[in-house]
Amino acid sequence: MRSLVLSLDEVGAGDTGLVGGKGANLGELLRNGFPVPPGFVVCADAYARVLEVLDLGAALRELDSVPPEEIVPRCAAIRERLENEDLPAELADLILAAHRRLIENRGRPIVCAVRSSATAEDLGAASFAGQHGTYYYVDAAQLLKKVRQCWGSLWSAEAVSYRATHGIDHASVSMAVVVQEMIASEVSGVSFTANPVSGSRDEVIIESSWGMGAAIVDGRVTPDNYVLERADLRVRSQRVADKRLMVAAHLEAGRSARLEEVPNAMRRRESLTPDLLRTVAEWSLKCESHFGKPQDVEWAICDGHFYLLQSRPITVMGREDIGRDIVGKYVLFKPLVENFTDPFTPLAGNLLMLIPSLLFRSIHGWIYVDVEALRRPLPFKVSAEALADYLYSISKDAPAWRISIAKLPALLVLGFMFFIVNVVLLLRTRNLPDGALDSYRALCKDIGADPMIGPADAALRLLLLPKLRDPVANMPLLINLSAVRYISRMRVLRRIVRRWAPDVRADAEAILCSGGEGVLSAEMGRGIWALAVEANRNASVRGILLAQAPERALAELKLSTDAQDFLRHLDGFLAKNGHRAIKEWELRSPRWDENPAVVLGMVRNYLLIEAAPSIHEQKIAEARAALIDDLRARLQALPLERALGLRMRLIQFAAERVRYFQKLRENSRFYYIMGLGAVRKIVLRIEGELMRQGKLKCKDDIFFLQISELSGLQSGRLGWLDVEDRIRERRIEHIRLCKMGPPKTIGIDMPEKYAPATQHEGATVLQGQPASPGAYEGRARVILDPSIDVELTPGEVLVAPYTDPAWTPLFLTAGAAVVEVGSYLSHAGTVAREFGMPCVVDVAEATQKIRNGDRVAVDGNLGSVRILAPKEDA
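Residues numbered from 1 in each chain as written. Predicted model: local features only at pLDDT ≥ 70, side-chain atom pairs only at ≥ 80, totals over all residues. Heavy atoms only, no water.

Here we take up the overall build of the protein chain. When helices and strands are tallied, the protein chain shows 33 helices and 28 strands. Relative to the 2.2 N^0.38 estimate, which gives 29 Å for 874 residues, the radius of gyration of the protein chain is 30 Å and therefore close to what a compact globule would have. Along the first, second and third principal axes, the C-alpha atoms of the protein chain reach 105 × 65 × 55 Å. For the protein chain, buried positions account for 55% of its 874 residues. Relative to all contacts within the protein chain whose residues are 6 or more apart in sequence, the contacts with residues 24 or more apart total 68%. For the protein chain, the accessible area works out to roughly 37700 Å², and carbon and sulfur atoms hold 54% of it. (Helix = DSSP H or I, 4+ residues; strand = E, 2+ residues; numbered from the N terminus. Rg over C-alpha atoms; globule rule 2.2 N^0.38 Å. Buried < 20%, exposed > 50% of the residue type's maximum accessible area, 1.4 Å probe, protein only. Contact = heavy atoms within 4.5 Å. Areas by Shrake-Rupley, 256 points an atom, 1.4 Å probe, with all protein chains shown as cover.)

What follows is the structure in structure tokens.
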């Protein structure tokens, strides 16, 4: 039986069938001088022997033919036997003897990492990353149990489903188990010798964080991210994350939870020094050179030494894979994705789609519009491709589509029905006063505090299905939908302005519609400015905010007697705006009243400004007054205008209607995000209860459950072991999807609207959609997450992947904005026009092609961005 357990240095690349993909790769590397921790492998033949002893062969073969509804219970039964039956005595003795040889004469206590190594794992065509068991802190007393659990993980419902999807025969898969010395890593991470999304070979991507690598692999922490030039390993870009959690290298006695909070002083500190960064990159490229193909490498740093934990071929999953097996034609729902490009977590997506819709579909967490379902009732002769292009662009201009006479009768019927259903709402929202929705705050507070109301009922009551007899103020989502009338009013305004004053400035409509009072997102920015003014009154408060990172500053302010007035003002700001968040549509996103440090980072930016942000508003007000004078003068030559002024009054009335509905759209969003905040409070309360009961182990896991699973945990029908693998798998998949971003269309071939980067007169030119007119030249500041990247020097050009209202304070300090996803009607365009700053949206890969410090020229009239000088030359 000696061949059932082998030392790692006895196996190599040709032994996949014996020791699995992971074991074969690690043995191959160890035998060739790579710094792999020592260990041994419990071979796949040992697993086969146990199957024979337990008489499970027939049960496994039947899995390929049983109905889908029987898969889960059958897998659970197989797994239960593998994990709970004792091993044959001879095999147990071999495993324990190999363990004694591994730890003897080491001069210090050794614990082990026990890791699955399936024979269908890490083979390039399909990667089972995160689907099979891995266990840390294992000693001799736990070893045999953890080996059995690794075998059991081969038959989790998720692993079986993955094999079925990739056409891997269940009966053909076997499992080896790798047992290695566990490296007590201070820093760990993963690296990719090619871009895992695009497959590009000119860069090395490294992600790192504090502690053990499980926090990264399981998706529980956002790691630091480094992109290096492959040719010379020069850092192309880097992003230091807010690393809130870590898996400790040592598990204290009596403690079962692996996750612990990272000390505040380390959260935003770089986890890799330049020397260690280069070391990681060099060893990763050596792995690629040895295996002859791009590698996905797991590694650890302990006492300054590099250790290689795993190397496997990169499994490239492109955006085209997201739509695989999806029947139909879909386009991304732009009003959501322009606010954040990540997919919804399972719980958030479930709640958002509680009411079935004929037009919308959730695909891998992104919301798509069913193009054909929308096209059928439209009274136009328009192709699915043209309709998808228009829906994604969300242009301020009306499409030039021909009327379909055959569809007009059906449209009239549908239009009449829509009018009958919505006429009351449309009438009640045509002239709502400022503050009309304030009563909704009390409703949110009552529902959020009611222990008998669950998240699904709360989402329906507050957002999706209000009561018919509710006051209109309690229907913010419906109010928001009714506010889309501003698009038609904007087109009317543009038509009459261009008819009566065809030569007026190109941005006339945008200027006429700016300057609406009472826009809550703008008032939020002014509120942060007021906090900065208050901080400036106290040298101690100002000093703390400027000298410390936001989290540290908050802690110091709470201890300072000089800061109490400032903290009272901060509490007042949070009482009104605390429900807001970065990526605020996502239920998982912490709200500002949970973590005020985000607000302090914005206050810090304002402390660096010499002039008040109101200078933006003053500038646009002056431009608006000058434009009105210009228009009035131009119209004087038209019949009866000098005497009656009807045309000018009509233009001003149309502009006022656009301003009103724009404000209604922004302000209703303010309140329905408040409703989401109330739902989040309910979810967090349930999370606390489930963690106290041991049904959940880690904060944040609850957002990776389905509504039905959450109900199952609450009722006792499900327990932690039932959901543990599902949560881990979904976290890993969520990270993969976040890195890729969504395809614009599924089932539709829609070419890129704007040309790729071009060269002109020594500058790189990026093209996008103009969202706010004007021209500006300045240094770029790439901000991926304003809760982390809070630094924006006044006058810098904000370069962002998307924006939502929580980004508004950054617009008050920026000189211009460049956004990867957006439209003329998006939040970025609306706020930029309000503050009179140039803005270009839909600039593909802007955050990758523009680097911090690059000098850029933004033309909001033409929709172009010119990169004038790289950072090193500036």
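On average, the protein chain scores 86 in pLDDT, and the residues at 70 or more come to 92%. Within the model, the stretch residues 121–131 combines pLDDT values under 50 with 41 contacts to residues more than four positions away or in other chains. (pLDDT = per-residue confidence, 0-100.)

This part is about helix α26 (residues 614–635). The terminal C-alpha atoms of α26 lie 31 Å apart, and with 22 residues this matches the ideal 32 Å at 1.5 Å per residue to within 8%. Residues of α26 that are buried include every one of His616, Ile620, Ala623, Arg624, Leu627, Ile628, Leu631 and Leu635, and no others. Around the axis of α26, the buried residues are gathered within 145° of arc, so they sit on the same side. Each element contacted by the buried residues of α26 is listed here: α19 (485–500), α20 (508–512), α27 (641–644), α28 (646–692), α31 (808–811) and α32 (827–835). (Expected span 1.5 Å × (residues − 1). Arc of directions from axis to C-beta.)

It is at 9 Å that the axes of α26 and α28 come closest, and there the two elements cross at 145°. You can see that α26 and α28 cross each other, and the crossing is right-handed. Facing α26, whose interface residues are Ile628, Leu631, Arg632 and Leu635, α28 presents Arg647, Met648, Ile651 and Gln652. Its residues assigned to classes, the contact of α26 with α28 comprises five nonpolar, one polar and two charged. (Axes fitted to C-alpha atoms, helices over the stretch in contact; angles between N-to-C directions. Left-handed = near helix turned anticlockwise from the far one by under 90°. Nonpolar A, V, L, I, M, F, W, Y, C, P; charged D, E, K, R; others polar.)

Before going further, it helps to spend a moment on a nonpolar patch on the surface. On the surface, a nonpolar cluster with roughly 610 Å² of combined accessible area is contributed by Val413, Leu414, Phe416, Met417, Phe419 and Ile420. If you trace the backbone, phenylalanine 416 turns up in helix α15 (residues 408–428). Residue phenylalanine 416 is classed as exposed on the basis of its relative accessible area, which comes to 54%. (Patch = residues over 30% accessible without salt bridge, like charges linked within 9 Å, V, L, I, M, F, W, Y side chains within 5 Å. Salt bridge = Lys/Arg side-chain N within 4 Å of Asp/Glu carboxyl O.)

Another aspect to go through is the packing of helix α4 (residues 68–84) against helix α6 (residues 140–153). Contact geometry for α4 and α6: axes closest at 7 Å, N-to-C directions at 165°. By the criterion of interaxial angle, the relationship of α4 to α6 is roughly antiparallel. Where α4 crosses over α6, the two elements pack in a sense that is right-handed. Contact residues: α4 offers Arg79, Leu82, Glu83 and Asn84, while α6 offers Arg148, Gln149, Trp151, Gly152 and Ser153. Split into classes, the residues belonging to the contact of α4 with α6 amount to two nonpolar, four polar and three charged. (Parallel < 35°, antiparallel > 145°, perpendicular 65-115°, else oblique.)

Next up on the list: unusual backbone geometry. It is generally the case that most residues other than glycine have a negative phi and that most peptide bonds are trans. In this structure, leucine 233 is a non-glycine residue whose phi angle is positive, near 60°. Mapped onto the secondary structure, leucine 233 falls in the loop between β8 (224–229) and β9 (235–239). Positive phi is not limited to glycine here, since aspartate 700 has a value of about 90°. Tracing the backbone through its elements, the reader meets aspartate 700 in the loop between α28 and α29 (707–715).

Moving on: the packing of aromatic side chains. What the rule picks out here adds up to 15 aromatic pairs. Aromatic pair tyrosine 390 and tryptophan 401: ring centres 5.4 Å apart, planes at 75°, arrangement edge-to-face. Of this pair, tyrosine 390 sits in helix α14 (residues 384–393) while tryptophan 401 sits in the loop between α14 and β18 (402–403); the two residues are 11 residues apart in sequence, bridging distant segments of the chain. Here tyrosine 802 and tryptophan 807 contribute two aromatic rings whose centre-to-centre distance is 5.7 Å and whose plane-to-plane angle is 70°, an arrangement assigned as edge-to-face. You'll find tyrosine 802 and tryptophan 807 in the same group, each marked buried. The side chain of lysine 286 reaches across the aromatic face of tryptophan 283, ending 4.2 Å from its centre. Sitting over the face of the ring of tyrosine 392, lysine 334 holds its NZ or CZ atom 3.9 Å from the ring centroid. (Phe/Tyr/Trp six-rings, centres within 6.5 Å; stacked < 30°, edge-to-face > 60°. Lys NZ or Arg CZ within 6 Å of the ring centre and 35° of its normal.)

With antiparallel pairing, five strands are arranged side by side in an open sheet as β1-β2-β5-β3-β4. Each of the sheet's edge strands pairs with one partner strand only, and the pair in question is β1 (5–7) and β4 (134–138). The average undirected angle you get between the axes of adjacent strands in this sheet is 20°. One ladder, built from three bridges, connects strand β3 (residues 112–118) with β4; its direction is antiparallel. For cysteine 112, the partnering residue across the bridge sits in β4 and is valine 138. The strands touched by helix α5 (residues 89–103) are β1, β2 (39–42), β3 and β5 (175–181); relative to β2, the strand with the most contacts, the crossing angle is about 170°. (Pairing = 2+ DSSP bridges.)

On to the pairing of strand β27 (residues 855–859). The buried count for β27 comes to four of five residues, which makes it a mostly enclosed element. Note that strand β23 (residues 775–782) and β27 share five bridges and pair antiparallel. Considered in β27, the bridge of tyrosine 776 is made with valine 858.

Take the sheet that holds strand β19 (residues 745–746) next. Reading across from one edge, β15-β16-β14-β19 is the order of the four strands in this open sheet, with antiparallel pairing throughout. One side of each edge strand has no neighbouring strand; the edge strands of this open sheet are β15 (360–363) and β19. Of the pairings in the sheet, the one linking strand β14 (residues 330–332) to β19 comprises two bridges and is antiparallel in character. Bridging from a neighbouring strand, valine 331 pairs with threonine 745 of β19. Strands in contact with α14 are β14, β16 (366–370) and β19; relative to β14, the strand with the most contacts, it is inclined by about 15°.

The subject of this paragraph is the side chain of glutamate 796. Note that glutamate 796 resides in the loop between β23 and β24 (797–800). Glutamate 796 sits in the buried class, given a relative accessible area of 10%. In this view, glutamate 796 contacts Arg779, Arg781, Thr813, Ala814, Gly815 and Ala816; residues no more than four positions away in its chain are not counted.

Okay, empty space enclosed by the protein next. Counting across every chain of the model gives six cavities of 30 Å³ or more. Considered as a void within the structure, the largest cavity measures approximately 210 Å³ in volume. Listing elements by their share of the lining of the largest cavity, those giving two or more residues are β3, β5, β6 (187–192), α8 (214–217) and β12 (295–302). For the lining of the largest cavity, the class distribution of residues is 12 nonpolar, five polar and three charged. (1 Å grid on protein atoms, 1.4 Å probe; cavity = no way out; pocket = protein on both sides within 12 Å on 5 of 7 lines; lining within 4 Å. Points joined across faces, edges and corners; volume = space filled by probe spheres on them.)

In total, this model carries 49 salt bridges according to the counting rule given. The partner of aspartate 700 in a salt bridge is arginine 588, and the shortest N-O contact between them spans 2.7 Å. With a gap of 112 residues between them, aspartate 700 in the loop between α28 and α29 and arginine 588 in the loop between α24 (564–577) and α25 (597–607) connect regions that are remote in the sequence. Salt bridges here are not isolated pairs; linked through shared partners, they connect Asp202, Glu203, Glu229, Asp232, Arg234, Arg236 and Arg851.

On to the environment of alanine 300. Among the structural elements, alanine 300 can be located in strand β12. With relative accessibility at 1%, the residue alanine 300 sits in the buried group. Sequence separation between alanine 300 and tryptophan 210 is 90 residues, and the spatial gap between their C-alpha atoms is 9.8 Å. In contact with alanine 300, other than residues within four places in its own chain, are Ile183, Ser185, Val187, Ser188, His305, Phe306, Tyr307 and Leu309.

The final tally for this structure, using the stated rule, is zero disulfides. Cysteine cysteine 43 remains unbridged, with the sulfur of cysteine 150 as its closest cysteine sulfur at 14 Å. Unpaired in this structure, cysteine 698 has its nearest cysteine sulfur neighbour in cysteine 150, at a distance of 19 Å. (Disulfide = S-S within 2.5 Å.)

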